[in-house]
Amino acid sequence: DTGVSQDPRHKITKRGQNVTFRCDPISEHNRLYWYRQTLGQGPEFLTYFQNEAQLEKSRLLSDRFSAERPKGSFSTLEIQRTEQGDSAMYLCASSLGTGAQHFGDGTRLSIL
Amino acid sequence: QKEVEQNSGPLSVPEGAIASLNCTYSDRGSQSFFWYRQYSGKSPELIMSIYSNGDKEDGRFTAQLNKASQYVSLLIRDSQPSDSATYLCAVKGDYKLSFGAGTTVTVRA
């Protein structure tokens, strides 16, 4: 049973650069979620997909953030013109319908 | 008021003791409740889910839910050093999870 896979595990970039993260959910899971976690806090919801449709976006997701799930399988999260405040762990989770959400190992983003 | 609040840590318990973690939530319509364990630098790992009032036991873990009081708890019996981690309470609405800030537990050998 393959879990949720995220790539890369770590990303270091300069302020102002664009970054893209990838998430591969558990194969039979139709829902995919993105969360962001900063030090000492619990994860915060960013957006979610049911199959290929993006059904909800948090107010945390500014215009610099975009997420896609083109074929209802893997998803990408892109951050344009990165800022210091974007430094965080970006977590992807998946679920089968309304079932429990299982998280990947996350991508840790550091902005220099 | 935060949506999900957990008792402030850190919580230090001796090996073999019971660790008790508490969580309250504000959305009375919430139906699903979860406890995740997160080791330092790692992602959250689901350890318990509970959907109805009462107790649910799984090995050394017991989750308790009281919807009238909007309260969820987690008991860890016979605590082991490997239980040292941050425990996150999560409450699910229609789709998203709302998390507390977590309680860090340290089990002393």
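About the thresholds
Residues numbered from 1 in each chain as written. Chains lettered and ligands numbered in written order. Predicted model: local features only at pLDDT ≥ 70, side-chain atom pairs only at ≥ 80, totals over all residues. Heavy atoms only, no water. Pairing = 2+ DSSP bridges. Helix = DSSP H or I, 4+ residues; strand = E, 2+ residues; numbered from the N terminus. Axes fitted to C-alpha atoms, helices over the stretch in contact; angles between N-to-C directions. Disulfide = S-S within 2.5 Å. Buried < 20%, exposed > 50% of the residue type's maximum accessible area, 1.4 Å probe, protein only. Phe/Tyr/Trp six-rings, centres within 6.5 Å; stacked < 30°, edge-to-face > 60°.

K.L.:
Whenever I open this one, the sheet that holds strand 8 (residues 75-79) of chain A confuses me. Can you help?
P.N.:
Hydrogen bonds between backbone atoms are what pair the strands of a sheet, whose relative direction is either parallel or antiparallel. All names here are of chain A. A sheet is described by the order of its strands in space; here four strands give the open sequence 1-3-8-7, paired in antiparallel fashion. The open sheet is flanked by strand 1 (5-7) and strand 7 (65-68), the only strands paired with a single partner. Neighbour-to-neighbour, the strand axes of the sheet open up by a mean angle of 15 degrees, direction not taken into account. Of the pairings in the sheet, the one linking strand 3 (residues 19-24) to strand 8 comprises five bridges and is antiparallel in character. Its bridge partner being in strand 8, T20 is matched across the sheet by E78.

K.L.:
When you look at the state of the cysteines in this model, what are you seeing that I'm missing?
P.N.:
What makes a disulfide is a covalent bond joining the sulfur atoms belonging to two cysteines. All names here are of chain A. Applying the stated criterion across every chain yields a total of two disulfides over all chains. Between the sulfur of C23 and that of C92 lies a disulfide, 1.8 Å long from S to S. Its S-S torsion of about -70 degrees marks the bond between C23 and C92 as left-handed, since a negative value means left-handed. Separated by 69 residues along the polypeptide, C23 in strand 3 and C92 in strand 9 (residues 88-95) bring together distant segments of the chain. Side by side, C23 and C92 carry an identical accessibility label, which is buried.

K.L.:
Can you walk me through the packing of aromatic side chains in this structure?
P.N.:
Going through the model one piece at a time under the given rule, you end up with 14 aromatic pairs over all chains. Centroid distance Y48(A) to Y95(B): 4.8 Å. Interplanar angle 10 degrees. Geometry classified as stacked. Here Y48(A), found in strand 5 (residues 44-50), pairs with Y95(B), found in the loop between strand 9 (85-92) and strand 10 (97-99), and the two come from separate chains. Assigned by exposure class, Y48(A) and Y95(B) land together as buried. For the pair F34(B) and Y36(B), a centre-to-centre distance of 6.5 Å together with 50 degrees between the ring planes defines the contact as tilted. The residues F34(B) and Y36(B) share a single accessibility class, namely buried. A connected cluster of aromatic rings, assembled from ring pairs, spans Y33(A), Y35(A), F45(A), Y48(A), F103(A), F34(B), Y36(B), Y51(B), Y95(B) and F99(B).

From the geometry alone we can't say anything about function, so treat these as descriptive.
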